[in-house]
There are 4 protein chains.
Amino acid sequence: MVMSPLRVAMIGHGFMGAAHSQGWRVAPHFFDLPARVEMACLVGRSLGSARAAANRWGWHNSSDDWRTVVADPSIDIVDIVTPSDSHAEIAVAALNAGKHVLCEKPLANTVAEAEEMAVAAIQATTISMVGFTYRRVPAIGLAKRLVDQGMVGDIQHVTASYLQDWLIDPEVPLTWRLDKERAGSGALGDLGTHAIDLAQYVTGSFLSAVSGTLQTIVTERPLLGEKVGLSGTTRTERGEVTVDDRALIVGRFDSGALATFEATRFSTGRKNALRLEVSGSRGAVAFDLEAMNTLQVFDATAPNDRQGFTSVIATEPSHPYVSAWWPAGHMLGYEHAFSHQVADFVTAISEGIPISPTFAEGLQVQRTLQAVETSAQSGSVWTTVE
Amino acid sequence: MVMSPLRVAMIGHGFMGAAHSQGWRVAPHFFDLPARVEMACLVGRSLGSARAAANRWGWHNSSDDWRTVVADPSIDIVDIVTPSDSHAEIAVAALNAGKHVLCEKPLANTVAEAEEMAVAAIQATTISMVGFTYRRVPAIGLAKRLVDQGMVGDIQHVTASYLQDWLIDPEVPLTWRLDKERAGSGALGDLGTHAIDLAQYVTGSFLSAVSGTLQTIVTERPLLGEKVGLSGTTRTERGEVTVDDRALIVGRFDSGALATFEATRFSTGRKNALRLEVSGSRGAVAFDLEAMNTLQVFDATAPNDRQGFTSVIATEPSHPYVSAWWPAGHMLGYEHAFSHQVADFVTAISEGIPISPTFAEGLQVQRTLQAVETSAQSGSVWTTVE
Amino acid sequence: MVMSPLRVAMIGHGFMGAAHSQGWRVAPHFFDLPARVEMACLVGRSLGSARAAANRWGWHNSSDDWRTVVADPSIDIVDIVTPSDSHAEIAVAALNAGKHVLCEKPLANTVAEAEEMAVAAIQATTISMVGFTYRRVPAIGLAKRLVDQGMVGDIQHVTASYLQDWLIDPEVPLTWRLDKERAGSGALGDLGTHAIDLAQYVTGSFLSAVSGTLQTIVTERPLLGEKVGLSGTTRTERGEVTVDDRALIVGRFDSGALATFEATRFSTGRKNALRLEVSGSRGAVAFDLEAMNTLQVFDATAPNDRQGFTSVIATEPSHPYVSAWWPAGHMLGYEHAFSHQVADFVTAISEGIPISPTFAEGLQVQRTLQAVETSAQSGSVWTTVE
Amino acid sequence: MVMSPLRVAMIGHGFMGAAHSQGWRVAPHFFDLPARVEMACLVGRSLGSARAAANRWGWHNSSDDWRTVVADPSIDIVDIVTPSDSHAEIAVAALNAGKHVLCEKPLANTVAEAEEMAVAAIQATTISMVGFTYRRVPAIGLAKRLVDQGMVGDIQHVTASYLQDWLIDPEVPLTWRLDKERAGSGALGDLGTHAIDLAQYVTGSFLSAVSGTLQTIVTERPLLGEKVGLSGTTRTERGEVTVDDRALIVGRFDSGALATFEATRFSTGRKNALRLEVSGSRGAVAFDLEAMNTLQVFDATAPNDRQGFTSVIATEPSHPYVSAWWPAGHMLGYEHAFSHQVADFVTAISEGIPISPTFAEGLQVQRTLQAVETSAQSGSVWTTVE
């Protein structure tokens with residue numbers, strides 16, 4: 001048991017700030033953590049909004065100066081949930097200051113930034129981790145376990161997609177997520193990274209080459225809060241969407257197996273459908289985040305007249321993470337994976353051993369994104385992931 | 001191989017006439033029958049409608065006199081698809097005339113009629129069979145096979161229902177199916193018989209006692225084709241609905257296991273949901289006719305972290321009847337079970353051995369219906385199936 | 001804004017203690033509550049276990065003397081999560097001491113106890129509530145809203161069931177839940193109460209009569225922790241199961257509509273399937289707790305060729321409680337309803353108005369259970385709910 | 001009413017021969033055809049096998065000489081169900097002989113053959129049609145109707161796949177379907193053509209460019225029936241698989257909308273999953289042949305709190321083709337679409353007007369396949385469909 005608590009500072013307070021806060025708050029009450037955790041400080045751009053968020057989410061202090069907080073010797077962990085263009089600067093500073101760092105995905109907006117982060121992580125003596133949180137959904141953990149046990153056999157194909165539809169209305173305004181400078185890319189970086197990471201995680205192998213297609217469907221959108229006109233009426237001007245609305249990728253694993261990926265925020269009716277299907281010589285597993293407590297499992301070695309996809313409700317004590325929660329059959333939700341992430345991260349810190357996904361893994365995903373963009377610009381020609 | 005064909009006469013030509021005709025027409029082209037079949041004569045109430053139906057469905061001759069046809073020595077098989085109030089008279093005459101008899105369900109409107117039929121069937125040297133056709137849906141055959149193999153273990157509970165919704169509109173007119181004199185009962189006899197028969201068939205045991213509730217929801221409906229008025233306008237008078245709209249039954253098997261049944265034509269949104277779930281100490285099977293090519297199978301002896309309901313698509317050659325049809329994964333429909341019924345019936349005739357469901361089984365279902373009605377009239381008190 | 005916080009004492013610390021604790025802990029961070037909440041004291045039978053639970057779940061103090069805590073003037077709210085045989089004594093004492101009371105379901109083990117509690121609640125000036133928590137699952141709230149808006153039309157039928165399977169193994173030991181003295185009844189009180197409450201809540205009407213059947217499938221089970229023998233080996237003796245394993249109920253609403261209920265812990269493969277389907281003249285709604293973020297909605301007034309059950313994923317900001325949580329498409333879990341319960345309860349206390357479900361509603365459910373038992377003992381004969 | 005019957009000759013008698021025979025046999029009994037149909041002659045390679053198939057499937061005569069049969073003046077319709085390498089020769093001969101021609105898909109193995117056929121079809125005065133039969137599944141007809149009515153709005157994306165798994169076992173022998181000379185291509189031509197045709201049919205637009213990837217997973221398989229060895233034992237030699245096992249395609253419609261396609265016989269657990277999802281600005285439709293009686297429909301203009309995918313069971317009389325069959329809720333199967341195809345084809349012949357899909361449409365699909373192959377050989381670079 002570590003005597004003094006681990007003191008956490010969280011930089012940023014958007015949607016991810018709420019989710020991470022819930023993880024820090026809840027995990028200690030369900031998991032036997034080897035260290036206490038203290039939600040020490042929340043950092044925002046303005047003191048007012050940071051203080052409001054800190055009050056709402058239960059952080060002791062607030063600040064508008066991340067540099068000071070990151071340099072504060074009393075802080076042990078820096079949790080970065082800002083837009084991705086600031087990840088590199090904050091993370092490198094935190095690592096250099098000797099902090100443990102949890103950084104939201106995508107790791108960075110460019111390969112150069114991601115490389116800088118990965119190098120800093122390797123050189124640091126602290127623990128770092130990138131927030132591909134869906135790895136820690138129990139049904140995904142079960143998929144990984146079954147693949148590792150050989151239930152799928154030789155993997156022959158992977159299909160992954162992440163489908164949302166919140167941009168189908170062309171009047172949805174231009175947010176930072178639609179600005180290449182801030183977000184790096186669109187559906188590719190926001191959603192495609194999850195699909196790529198899960199495919200690599202569950203199969204235990206890496207994409208070596210890709211063929212990509214990127215498409216922007218709605219090219220102009222209303223600017224946020226633009227108000228013009230003598231009459232005081234609101235006139236909405238439009239700005240250019242500089243990121244992709246849909247990314248389509250064919251990938252090749254080292255093993256030669258192929259994979260397809262789709263990432264989009266234009267799949268009408270699909271709200272949060274992160275799907276993964278891994279097919280092999282002996283079986284298959286299939287997952288859909290819209291039914292996140294279930295893993296579909298096909299066993300091609302079962303008696304022929306009983307074969308079919310089995311809907312395994314991944315809420316048994318024998319499933320990853322579940323024994324910490326409720327009795328069998330009681331569903332977990334989106335945010336539980338953030339508690340699992342905290343539990344594993346704190347354990348890794350206490351034990352002083354690296355934890356996956358590392359920044360190096362985040363960098364590899366970033367290189368894959370870049371290969372996709374290169375391929376897309378050259379007419380989808382197959383491109384090696386460097 | 002029987003040299004001379006089996007010559008069939010079908011009495012009646014409603015919805016069931018179309019389904020039975022398709023069975024007689026199609027079965028010989030997919031199954032290796034031990035005898036040829038000839039669709040010799042279709043009998044209706046009027047010569048015009050009988051001839052039209054015969055032409056449409058491919059019967060060689062037509063008639064409006066079932067007695068003459070049943071007595072015709074050239075006829076081998078009598079297939080009865082009339083409303084259930086005429087089953088007994090026709091079937092007994094046919095059996096007495098030495099014909100093989102296939103009779104649509106329910107076997108009869110009363111226990112007395114059904115007893116008369118069962119006795120005639122036992123005394124006859126010919127083959128008789130009642131048309132609980134759903135037994136011959138491949139997924140149901142698979143359920144029966146798995147239960148017989150012990151996959152479910154000791155049966156602890158059965159849930160069965162047959163849900164339709166075509167009567168929720170109170171302007172649906174009074175047809176013969178809503179008239180107790182013609183139909184015997186309502187949802188109970190029309191739909192509940194299927195649910196009861198399937199439950200008994202798949203479990204291989206009989207209900208020994210029941211507690212029943214019957215309800216008529218819309219008590220008056222427009223008379224069919226009633227036209228009144230000097231002005232020539234149509235005035236629709238209403239008549240009384242004399243059958244149940246919903247039947248709710250709790251039943252007890254000889255083994256002590258309980259079962260619940262619901263039969264209704266008022267289950268909004270459920271079009272043809274004949275459902276059966278059999279639960280036991282080692283597993284469970286579940287079926288829904290609205291997804292009729294699939295059987296849900298739960299194996300409680302599988303490794304704990306892989307348990308779940310398996311959606312077995314019952315279209316493999318290893319599944320009952322399927323090898324006669326298409327490659328795996330090609331769906332069968334409602335009418336295929338009528339071909340299976342014909343194939344089995346013709347085979348039984350050629351081999352001279354009884355075939356299930358016998359008239360005695362039809363009688364047992366009829367006795368169960370009567371016990372349900374007796375129970376319902378006495379306030380749902382438990383009533384023995386005589 | 002109430003200035004001083006509401007100080008809560010929770011009596012009991014089993015499974016429900018964990019769930020309630022999560023509610024008290026999390027709700028203030030997502031909902032704009034009109035009062036602060038303080039998790040003041042957890043009470044258990046032994047000081048050791050109470051202290052351990054308090055530490056784990058974040059309660060400031062612990063105690064082994066509920067009477068002292070309930071009498072403590074600094075406590076505002078008493079939250080009762082003990083086995084149901086102690087509900088009445090604690091709740092009445094708390095109400096008499098001027099506390100607000102949240103009491104887990106079932107309200108009590110007998111009608112007499114429940115009446116005493118309901119009277120005490122009416123006489124008290126404080127707020128009381130029984131924990132039929134599933135009412136506050138968003139999809140159930142949506143079902144209630146749609147029914148209230150008339151989308152279902154005249155309600156013609158309700159089907160409800162609560163199916164689990166954790167007792168199918170006859171070696172599961174005798175816990176307090178299988179002892180009539182402690183638990184009052186078995187599946188009926190534990191699970192059937194939820195099904196009955198939801199059916200009444202969503203339809204807005206009450207059962208006036210019932211026909212019930214109760215069954216105990218495994219009549220003897222190993223005693224917990226029984227150790228005998230000089231050799232120190234464990235010898236497991238068996239004790240009698242004194243509660244029902246399965247409850248089957250037909251109910252009649254004041255309106256004349258019928259309902260069926262099944263509650264069991266023997267439904268092989270069903271882990272936590274609380275299901276409700278309400279059918280009416282214009283539509284239907286259907287829910288299953290195993291897919292708790294979804295409500296199935298059938299609109300019988302839609303164009304005929306587009307009718308079908310719509311899978312509404314109840315995670316939109318427009319759905320009950322959801323705007324407090326995550327963006328659309330991010331799933332909620334079992335425990336979220338406990339936060340909703342806390343949020344509503346705290347709001348009711350601050351506003352000084354009663355909140356549903358009241359103890360009177362809990363009493364009505366208890367009377368329904370008693371009518372079921374009376375009916376079952378008399379052979380399922382229809383019995384009036386007093 | 002045409003007085004003399006249309007006399008049909010079917011060339012070939014594999015799996016498709018059985019399906020087409022069922023269509024010719026059954027359609028006249030359910031649809032009011034404007035002409036009688038006579039199953040005149042079945043042609044095979046050997047007289048023995050042709051006669052056996054003719055007997056089994058109800059063809060009056062049989063032959064082993066398609067040229068004579070095609071030239072026979074008494075034959076009106078030639079139905080071609082041979083492997084695709086012989087389609088062109090037979091179809092052109094039949095068209096030149098003044099026959100109406102129904103030709104199974106894919107239209108041909110090469111663009112050159114398909115062009116020859118399309119030219120012959122245009123020059124002929126008879127009716128010709130290619131057998132993309134799935135267009136005539138009722139749920140697909142409903143999808144087409146809804147898209148045409150504007151329910152989906154501006155189409156933004158199409159996802160289509162055709163997934164089977166019968167080749168995952170490397171011991172499945174080399175059949176003609178795995179030989180490029182005979183089959184033209186593998187999954188691409190066998191399954192991908194269906195997916196491409198349906199996507200174009202339902203959206204009413206054509207692919208103008210594609211990026212393709214083709215993969216052969218099992219490169220060698222046992223030769224069929226190879227027997228060697230003095231000892232009389234069977235030694236199985238292996239031959240090269242010369243077609244693709246999986247085809248992955250990104251396509252672009254004239255409108256700019258993108259589409260993805262996957263065709264494979266290696267998708268473990270997927271038996272016959274032809275899937276199509278069309279997303280647009282106002283809604284979406286989704287289909288899966290493994291649940292072929294259902295169309296999933298999403299209406300983005302519905303009230304926000306009731307939106308979701310609606311499972312429309314396409315068995316209502318208001319759905320395409322269904323009124324000819326059974327009452328609502330009675331499922332149709334795989335083969336029903338072959339009856340629909342016959343009904344439409346015979347009607348078109350009687351009315352003397354072209355019927356879709358024409359040979360020109362088959363040619364366009366063939367050109368798309370060629371563009372996919374060209375793209376795949378050049379590293380997936382975008383390739384124009386000529």
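See above for the structure.
What this report covers is the structure whose coordinates are included nearby. Just so it is clear, the model here is predicted, and its values are computed rather than measured.

Along its length, chain A carries 10 helices and 17 strands. The C-alpha radius of gyration computed for chain A amounts to 21 Å, which stays within 12% of the reference 21 Å derived for 386 residues, consistent with globular compactness. If you line up chain A on its principal axes, its C-alpha atoms span 70 × 55 × 40 Å. Counting over 386 residues, chain A shows a buried share of 64%.

Take the relation of the copies chain D and chain A next. Rotating chain D by 180° about the axis while translating it 0.0 Å along that axis superimposes it on chain A, leaving an RMSD of 0.0 Å. What the superposition gives is, in effect, a two-fold axis relating one chain to the other. Identified as the residue of chain D closest to the rotation axis by C-alpha distance is V381 of chain D, at 2.3 Å. Interface overlap between copies: 100% of the residues of chain D at the interface are likewise at the interface in chain A, consistent with a symmetric, same-surface contact.

A few words now on the pattern of salt bridges. Counting across every chain of the model gives 76 salt bridges over all chains. The salt bridge involving D165 of chain A is made with K271 of chain A; its shortest N-O contact spans 3.0 Å. Residue D165 of chain A is found in the loop between β7 (155–163) and α7 (180–183), and its partner K271 of chain A is found in the loop between β12 (258–264) and β13 (273–280); the two are separated by 106 residues along the sequence. Given the relative accessible area of 14%, K271 of chain A is considered buried. A salt bridge links R182 of chain C to D85 of chain C, with the nearest nitrogen and oxygen atoms 3.0 Å apart. Taken together, the positions of R182 of chain C in helix α7 (residues 180–183) and D85 of chain C in the loop between β4 (77–80) and α4 (87–96) put the pair 97 residues apart, joining distant regions of the chain.

This part covers the relation of the copies chain C and chain B. The transformation that overlays chain C on chain B combines an axial shift of 0.0 Å with a rotation of 180°, and the residual RMSD is 0.0 Å. When the interface residues of chain C are mapped onto chain B, 100% of them again lie at the interface, so the same face is used by both copies.

Let us now look at the sheet that holds strand β1 (residues 6–11) of chain B. Two strands in a sheet stick together by hydrogen bonds in their backbones, pointing the same way (parallel) or opposite ways (antiparallel). All names here are of chain B. Taken together, six strands build an open sheet; the order of strands is β3-β2-β1-β4-β5-β6 and the sheet is parallel. Edge positions in the sheet fall to β3 (61–63) and β6 (128–131), since each has one partner strand and no second. Taken pair by pair, the neighbouring strands of this sheet meet at an average axis angle of 20°, ignoring direction. Inspection of the sheet shows β1 paired to strand β4 (residues 77–80) by four bridges, in the parallel sense. Paired with M10 across the two strands is D79, which belongs to β4.

In this section: the environment of A91 of chain B. Within the secondary structure layout, A91 of chain B lies in helix α4 (residues 87–96). Measuring from C-alpha to C-alpha, the distance between A91 of chain B and L107 of chain B comes to 9.6 Å, with 16 residues separating the pair along the chain.

Turning to the packing of helix α5 (residues 111–123) of chain B against helix α10 (residues 359–377) of chain B, a few remarks are in order. Residues and elements named next belong to chain B. Direction vectors running N to C along α5 and α10 enclose 165°, while the axes themselves pass 9 Å from each other. Between α5 and α10, the angle is such that the two are roughly antiparallel. The handedness of the crossing between α5 and α10 comes out as left-handed. Packed against α5, whose contacting residues are V111, A114, E115, M117, A118 and A121, the element α10 presents F359, A360, L363, Q366, R367 and Q370 at the interface.

Where interface size is quoted, it is often the accessible area lost as the parts come together. Each partner contributes to the interface: chain C provides 38 residues, whereas chain B provides 38 residues. Summed over both partners, the interface of chain C with chain B comes to about 2,700 Å²; 54% of that surface belongs to carbon and sulfur atoms. Applying the counting rule to chain C against chain B returns two salt bridges. Between E277 of chain C and R270 of chain B there is a salt bridge, with its nearest N and O atoms 2.9 Å apart. On inspection of chain C and its partner chain B, the count reaches 16 residue pairs in polar contact (both at pLDDT 80 or more). For the side of chain C that touches chain B, the class distribution of residues is 14 nonpolar, 19 polar and five charged.

A few words now on the interface of chain D and chain A. Contact residues are listed per partner, giving 38 residues for chain D and 38 residues for chain A. Where chain D abuts chain A, roughly 2,700 Å² becomes buried across the two surfaces, and 54% of that area is made up of carbon and sulfur atoms. Counting across the interface, chain D meets chain A through two salt bridges. Applying the counting rule to chain D against chain A returns 16 residue pairs in polar contact (both at pLDDT 80 or more). Looking at the side of chain D that touches chain A, the elements that each hand over two or more residues are β7 (155–163), β8 (207–215), β11 (246–253), β12 (258–264), β13 (273–280) and β14 (283–288) of chain D. Along the lines of polarity and charge, the residues of the side of chain D that touches chain A split into 14 nonpolar, 19 polar and five charged.

Now for unusual backbone geometry. Going from K105 of chain A to P106 of chain A, the amide bond is cis rather than trans, its omega being -15°. Counting through the fold element by element, P106 of chain A comes out in the loop between β5 (100–104) and α5 (111–123). Positioned with a positive phi, S380 of chain C is a non-glycine residue whose angle comes to about 75°. Here S380 of chain C shows up in the loop between α10 (359–377) and β17 (383–384). On the accessibility criterion, S380 of chain C (1% relative accessible area) is buried.

A separate point is the state of the cysteines. Each disulfide consists of a covalent bond between the sulfur atoms of two cysteine residues. Residues and elements named next belong to chain A. All chains considered together, the criterion is met by zero disulfides over all chains. Lacking any disulfide linkage, C41 is separated from the closest cysteine sulfur, that of C103, by 18 Å. Residue C41 is classed as buried on the basis of its relative accessible area, which comes to 8%.

All names here are of chain D. Here six strands make up an open sheet; going across it, the order is β3-β2-β1-β4-β5-β6 and the pairing parallel. Only two strands of the sheet have a single neighbouring strand rather than two, namely β3 (61–63) and β6 (128–131). Between one strand axis and the next, the sheet turns through 20° on average, direction left out of account. Note: strand β5 (residues 100–104) against β6, four bridges, orientation parallel. Its bridge partner lying in β6, E104 is registered against G131. Where helix α10 (residues 359–377) meets the sheet, it contacts β5 and β6, and its direction lies at approximately 40° from that of β6.

Residue and element names in this part refer to chain A. Applying the stated criterion to the full structure yields 40 aromatic pairs over all chains. Taking the centre distance of 6.1 Å and the plane angle of 65° together, the rings of Y134 and Y162 count as edge-to-face. Of this pair, Y134 sits in the loop between β6 (128–131) and α6 (138–148) while Y162 sits in strand β7; the two residues are 28 residues apart in sequence, bridging distant segments of the chain. For Y134, a relative accessible area of 7% gives the class buried.

Residues and elements named next belong to chain B. If you trace the backbone, H340 turns up in helix α9 (residues 336–351). In this structure H340 comes out as buried when scored by relative accessible area, which is 0%. Of note is the side chain of H340, whose polar atom sits 2.9 Å from the side chain of W325. Among all residues touching H340, those that are not within four sequence positions of it are F31, R136, P138, Y321, W325 and L332.

The subject of this paragraph is the pairing of β6 of chain B. For a regular strand, side-chain orientation follows a simple rule: the groups alternate between the two sheet faces. Here β6 of chain B shows two buried faces, one formed by S128 and V130 of chain B and the other by M129 and G131 of chain B. As a crossover connection, the stretch from strand β5 (residues 100–104) of chain B through α5 of chain B into β6 of chain B is right-handed.

We now examine the pairing of strand β7 (residues 155–163) of chain C. Residues and elements named next belong to chain C. For β7, a buried count of seven out of nine residues is recorded, marking the element as mostly surrounded by other parts of the structure. Bridge analysis of β7 against strand β13 (residues 273–280) gives eight bridges, and the strand direction is antiparallel. Its bridge partner being in β13, V158 is matched across the sheet by V278. Looking at chain direction, β7 and strand β12 (residues 258–264) are connected through seven bridges and run parallel. Among the inter-strand pairings, S161 is bridged to a residue of β12, identified as E262.

By the secondary structure assignment, Q22 of chain C is in helix α1 (residues 15–30). Those residues in contact with Q22 of chain C that lie beyond four places of it in its chain are V26, F30 and W326 of chain A together with A27, E335 and S339 of chain C.

Conventions adopted
- Residues numbered from 1 in each chain as written.
- Chains lettered and ligands numbered in written order.
- Predicted model: local features only at pLDDT ≥ 70, side-chain atom pairs only at ≥ 80, totals over all residues.
- Heavy atoms only, no water.
- Helix = DSSP H or I, 4+ residues; strand = E, 2+ residues; numbered from the N terminus.
- Rg over C-alpha atoms; globule rule 2.2 N^0.38 Å.
- Buried < 20%, exposed > 50% of the residue type's maximum accessible area, 1.4 Å probe, protein only.
- Least-squares fit on C-alpha atoms with pLDDT ≥ 70 in both.
- Contact = heavy atoms within 4.5 Å.
- Salt bridge = Lys/Arg side-chain N within 4 Å of Asp/Glu carboxyl O.
- Pairing = 2+ DSSP bridges.
- Axes fitted to C-alpha atoms, helices over the stretch in contact; angles between N-to-C directions.
- Parallel < 35°, antiparallel > 145°, perpendicular 65-115°, else oblique.
- Left-handed = near helix turned anticlockwise from the far one by under 90°.
- Buried area = accessible area lost by both parts, 1.4 Å probe.
- Polar contact = N/O pair within 3.5 Å; in protein donor to acceptor, adjacent residues only side chain to side chain.
- Nonpolar A, V, L, I, M, F, W, Y, C, P; charged D, E, K, R; others polar.
- Disulfide = S-S within 2.5 Å.
- Phe/Tyr/Trp six-rings, centres within 6.5 Å; stacked < 30°, edge-to-face > 60°.
- Right-handed = clockwise from strand over helix to strand, strands pointing away.

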